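One letter stands for each residue in the lines below.
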Amino acid sequence: MAKHESKHHSAKHVSSTGTKLAENPFQVKLQELLKQKKYRQALEEIKKNQRSHPDIEFTPKESEIWLLRGQQEFQKQDFKQAEKSFGRALQLGLAGEAHYWQARCLLELNQLDVALNLLREAFEAGNLTKDYSISYLKLLLLKGDIATVEQLINQQSKRFSAAQLHWVRGVIALKNEQPQAALTSFQKIKRPITPGDLPNAWLVYSQQVSGSWSAAANLLGLQSSRFTFGRPKYLEHPILERLATSQQAKTGEPPLNPQNLEQSDQVIQDAISALAIVQLINDGNHHDAAHVLLRMERCADRFPELNILRTSLLTLAGQQALNQGQAECAELFWQPLLTEKPFNPQLAVNLLEVFEVNDSEQERQRLVTQLLKWLEQEGKQKPQEWPAERLKPTLAHLHCRMADAYMALDRDRAAKAALQQAERICPTSPELLGRKGLFAAMEENYTEAIALITQAIEGGCRYQEIYDGLLSCWDELGDKQARNEARRRFGKHFGDFSIESEVEVLPWVDAISTLSYPFFSRLVQGKEQKDPALRACQIFVNAVQSSPNSGGRVSLNQKAATEAWEALLEQLSGNEQISVLQAIALSIHLFAKREKGIAALTNQYLQKLFNLSAEHPEAKVAHLVVLAVKEGSPQKLESPLRTYLDTMPQPGNVLANIQLQARRFGWITTLIPALEEALRREPQNPLLLLARATTYPINQPKYEQLKQAGFELARRLQDAKALQAFREEQAFLAAKETQSIMPDPEKFDNLNMSNIDDLLEGMLKKLFGSKIPQAEFEKMLPELKQMMLNSMPNFLDDDEEEDDESEIDLDFIFRSLPPTSRKPKGRRR
């Protein structure tokens, strides 16, 4: 409400008589009454003035004053009158906040059903903002209507914030006796989701329910209650005190004497704290020792020895906290040291990194300013230590860091000014060139951006966003080869080492190679339509007019599909049509029922593919791949295959490539005679050995024998193309194994914490059930579930992801995706 009031005070409305509100005696009197919190008198004054001036304008609105009056009455526990006041605010059009407070009054009056109906109607009418929508779910949970709550968070998740969804899922997990899952959800909540909430209480309760008494004691402040000063954590709120008392009653540890702690002399409390600091330092626990030190009162006067330890302890504690992944504590310990003399530049640089991790952008900008002033003074006072060739690049680098801080604060002009200052000082600075490249990328000048960023990285710039920006530029230009080359050249400087072993499979190939219509349809639907071949697959799915039969095939509306495919092909060049025609022919052949016209339709697009080969030789390989999949007899392939191979300088490699492409779409044996003949000519060709291996089922010894022989040969010869083919084969097998343990994709619909446990158990049984003794499998099951859960995507983990689809990402499961660039903080394009 303070925000509302400040807005009203700053507004300049004009009354019906043309005088400004600020000059209106009625407005002046109204403001005075509000300042004194005399809301009843303010409302009476409004009523009296409206009799003589019905159109009189004033601020704040009458509805907002009724809300303030209701809140005042609520604080006095006059719930009946408060409920009427909030009802009046609602009548005057103040929705959302007034609904929330009226519902709270009704709860205090033991009218849960009335409160629930009030919020249900408001929610369904769209009158509850996202901040207050959680109130409706809370009342449903109080009512015990879990089914409605789950339906709402699954079907209308965008009506709630990420924190609200985490809280609801945590409560449901507790009701389902899944305290660890609840704990995971509650740990993601950083602040109260409605007034008066206590996020820590849910964490404590979850730990207690799971039997993690030590962890709960740590959150409550019980473990260090013998040493800490003043009021321990569990005395900060009645709920925490009840949880602490409950824990002591169940465990007997530790003994609670809150009255003694509250009544102890401050001297005694500080003495205990000082002893605790010494003990924690001796134990090497600088982190907790620093917390005790910062909480002590008047220690400077009473224990001057602690002041001698202060700087060293806080420095060590910050580093220990950082090593433990607790950057917030590192900031807490290091920031006070910045004011000490002499200025510690190394500590400032370390703290700068901590500010960036913690998103402490204002502090980050102030610290860069402090570093700049220090460096400028050092340059003047100690020119021998800071010659121009050292001082100028360092100053330019700091101005670049200043630009980063301004960008994080969305202050683009200030950021550009900082970069201009850097350019005046050192125009060749790699850090400057990198930031200029980022700005060029923001303006969609990708070629210029790539040149600048490449020069920056070659010059030694190691700012992560520079590298991410380079990869993003290549993504925007659609040049995968150049992107991969950039990763090979520069990835090692930024922790990106996976490019050499990476396998990229086209999405449409990945989808069709599942050989399962349910998986195929899920993988192609909802994807971006930049890839024409993927769009062709989507057209197939959109034209399906029946569920899969017992053989997994579907009935196709041939007229609708053909019209859409022809329209798509008309937009494409001959070269672009190759993969599209291949995708069309394969999807029809593999997924469509053998109905009248289907064979002719397949041949129609196969013929189009063949016709392209006159101008586009690569279409010939695509045509032969489809023939190898479609035809059941080697004789039908002999003539077209021989005609093509006779024109190739390396026919063995070409033949192997056709087989390795075709094997993705089934167990292909039609090329066996040709492969046998090629191996007689080239028995030491690793690609041919791998291709021949794929004509055997993978569970047969012959498959492994031929594949291993080919791999050893490729490794000995350092044949890069052959080694890549073996990596692709291994990735294909891994995807097939994953698919074999996956349940029907429809089971992923409406997936939630209540049924994911059963789904994971079923998948693990398929994977390990026959390989591990039952008793041992049951013992390992909880850990295996957690490992599998950790490897799956985290849905709606952050506020930024709330708009994403909540369906499970099958791409994530089937494909080893390359690393994605982090979204630069504060940068907009």
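Just to check I follow, could you spell out the overall build of the protein chain for this structure?
Check the secondary structure of the protein chain and you find 44 helices and 0 strands. Taking all 829 residues of the protein chain together, 47% fall into the buried category. Sequence-distant contacts in the protein chain: of pairs separated by 6 or more residues, those separated by 24 or more amount to 58%. Here the protein chain has roughly 43200 Å² of accessible surface; of this, 50% comes from carbon and sulfur atoms.

Where do I start with the pattern of salt bridges in this structure?
Side chains carrying opposite charge are able to pair once their charged atoms draw close together. Enumeration according to the criterion identifies 26 salt bridges in this entry. The salt bridge involving Glu340 is made with Arg310; its shortest N-O contact spans 3.1 Å. In this pair, Glu340 is assigned in the loop between helix H20 (327-334) and helix H21 (345-357) and Arg310 in helix H19 (residues 304-323), connecting sequence segments 30 residues apart. A salt bridge links Glu378 to Lys382, with the nearest nitrogen and oxygen atoms 3.5 Å apart. We classify Glu378 as buried; its relative accessible area is 11%. When salt bridges that share partners are traced, they join Arg642, Asp646, Glu677 and Arg681 into one network.

Even after reading the chapter, I still don't get the confidence of the model for the protein chain, so can you show me in this structure?
It should be kept in mind that the predicted coordinates are not to be read in detail where pLDDT is low. Chain-level statistics for the protein chain give a pLDDT mean of 80 and a share of 80% at 70 or above. Low pLDDT, under 50, characterises residues 1-22; the predicted model gives this stretch 28 contacts beyond four residues in sequence or across chains. Across residues 225-230, where pLDDT falls below 50, the model places 15 contacts with residues more than four positions away in sequence or in other chains.

Sorry, what's going on with the packing of helix H35 (residues 618-630) against helix H37 (residues 651-662) here?
Axes are the key here: two packed helices are described by the angle between their axes and the distance separating the axes. Where H35 meets H37, the axes come as close as 9 Å, and the angle between the chain directions of the two elements is 55°. It follows from the interaxial angle that H35 and H37 lie oblique. Pair H35 / H37 crosses with right-handed handedness. Together, Val621, Leu624, Val625, Ala628 and Val629 of H35 and Asn657, Ile658, Gln661 and Ala662 of H37 make up the contact between the two elements. Taken together, the residues that form the contact of H35 with H37 break down as 7 nonpolar, 2 polar and no charged.

What exactly am I supposed to notice about helix H3 (residues 39-52) here?
Note on helix geometry: an α-helix contains 3.6 residues per turn, so any two residues three or four positions apart are oriented the same way. Its 14 residues place the ends of H3 21 Å apart at the C-alpha level, agreeing with the 20 Å of an ideal helix rising 1.5 Å per residue. Of all the residues in H3, the buried ones are Tyr39, Ala42, Leu43, Glu45, Ile46 and Asn49. Along the axis of H3, the buried positions cluster into a sector of 155°, meaning they face one direction only. Along H3, exposed side chains directed more than 90 degrees from the buried face belong to Lys47 and Arg51. Against the buried residues of H3 lie helix H2 (25-35) and helix H4 (62-75).

Just to check I follow, could you spell out the environment of Cys461 for this structure?
Within the secondary structure, Cys461 sits in the loop between helix H26 (446-458) and helix H27 (464-477). Cys461 sits 26 residues away from Arg435 along the chain, and the two C-alpha atoms are 9.9 Å apart.

Mind showing me how you'd approach the nonpolar core here?
In this structure, Trp508, Ile512, Phe520, Phe540, Leu556, Trp565 and Ile588 are the most contacted members of the largest nonpolar core, which totals 84 residues. Ranked by the residues each element gives to this core, the list is headed by helix H33 (residues 574-591), at 10 residues. The contacts of Phe520, once residues within four sequence positions are left out, are Ala511, Ile512, Thr514, Cys537, Phe540, Val541, Ser587 and Phe591. Ile56, Leu118, Leu119 and Trp167 belong to the second-largest nonpolar core, a separate cluster that totals 58 residues.

How do you make sense of the side chain of Glu378 when you look at a structure like this?
Checked against the element boundaries, Glu378 lands in helix H22 (residues 361-381). Not counting residues within four places of it along the chain, the set of residues in contact with Glu378 comprises Pro383 and Trp386.

Mind showing me how you'd approach the packing of helix H31 (residues 532-542) against helix H32 (residues 558-570) here?
Closest axis-to-axis distance for the H31/H32 pair is 9 Å, and the angle between their directions is 165°. Taken together, the axis directions place H31 and H32 in an arrangement best described as roughly antiparallel. Pair H31 / H32 crosses with right-handed handedness. Counted together, Pro532, Arg535, Ala536, Ile539 and Phe540 of H31 and Ala561, Ala564, Trp565 and Leu568 of H32 form the full contact between these two elements.

Looking at this structure, I do not really get the packing of aromatic side chains. What am I missing?
For any pair of aromatic rings, the description consists of the separation of the ring centres together with the inter-plane angle of the planes. Taken as a whole and judged by the stated rule, the model has 20 aromatic pairs. With a centroid separation of 5.3 Å and 45° between ring planes, the pair formed by Tyr100 and Tyr132 is classed as tilted. Of the two residues, Tyr100 is situated in helix H6 (residues 97-108) and Tyr132 in helix H8 (residues 130-143); the sequence distance between them amounts to 32 residues. Each member of the pair, Tyr100 as well as Tyr132, is classed as buried. Seen in terms of ring centroids, Phe520 and Phe591 are 4.5 Å apart; in terms of plane orientation they differ by 25°. Their pairing is stacked.

Parameters at a glance
- Residues numbered from 1 in each chain as written.
- Predicted model: local features only at pLDDT ≥ 70, side-chain atom pairs only at ≥ 80, totals over all residues.
- Heavy atoms only, no water.
- Helix = DSSP H or I, 4+ residues; strand = E, 2+ residues; numbered from the N terminus.
- Buried < 20%, exposed > 50% of the residue type's maximum accessible area, 1.4 Å probe, protein only.
- Contact = heavy atoms within 4.5 Å.
- Areas by Shrake-Rupley, 256 points an atom, 1.4 Å probe, with all protein chains shown as cover.
- Salt bridge = Lys/Arg side-chain N within 4 Å of Asp/Glu carboxyl O.
- pLDDT = per-residue confidence, 0-100.
- Axes fitted to C-alpha atoms, helices over the stretch in contact; angles between N-to-C directions.
- Parallel < 35°, antiparallel > 145°, perpendicular 65-115°, else oblique.
- Left-handed = near helix turned anticlockwise from the far one by under 90°.
- Nonpolar A, V, L, I, M, F, W, Y, C, P; charged D, E, K, R; others polar.
- Expected span 1.5 Å × (residues − 1).
- Arc of directions from axis to C-beta.
- Core = buried A, V, L, I, M, F, W, Y, C linked by side-chain atoms within 4.5 Å.
- Phe/Tyr/Trp six-rings, centres within 6.5 Å; stacked < 30°, edge-to-face > 60°.

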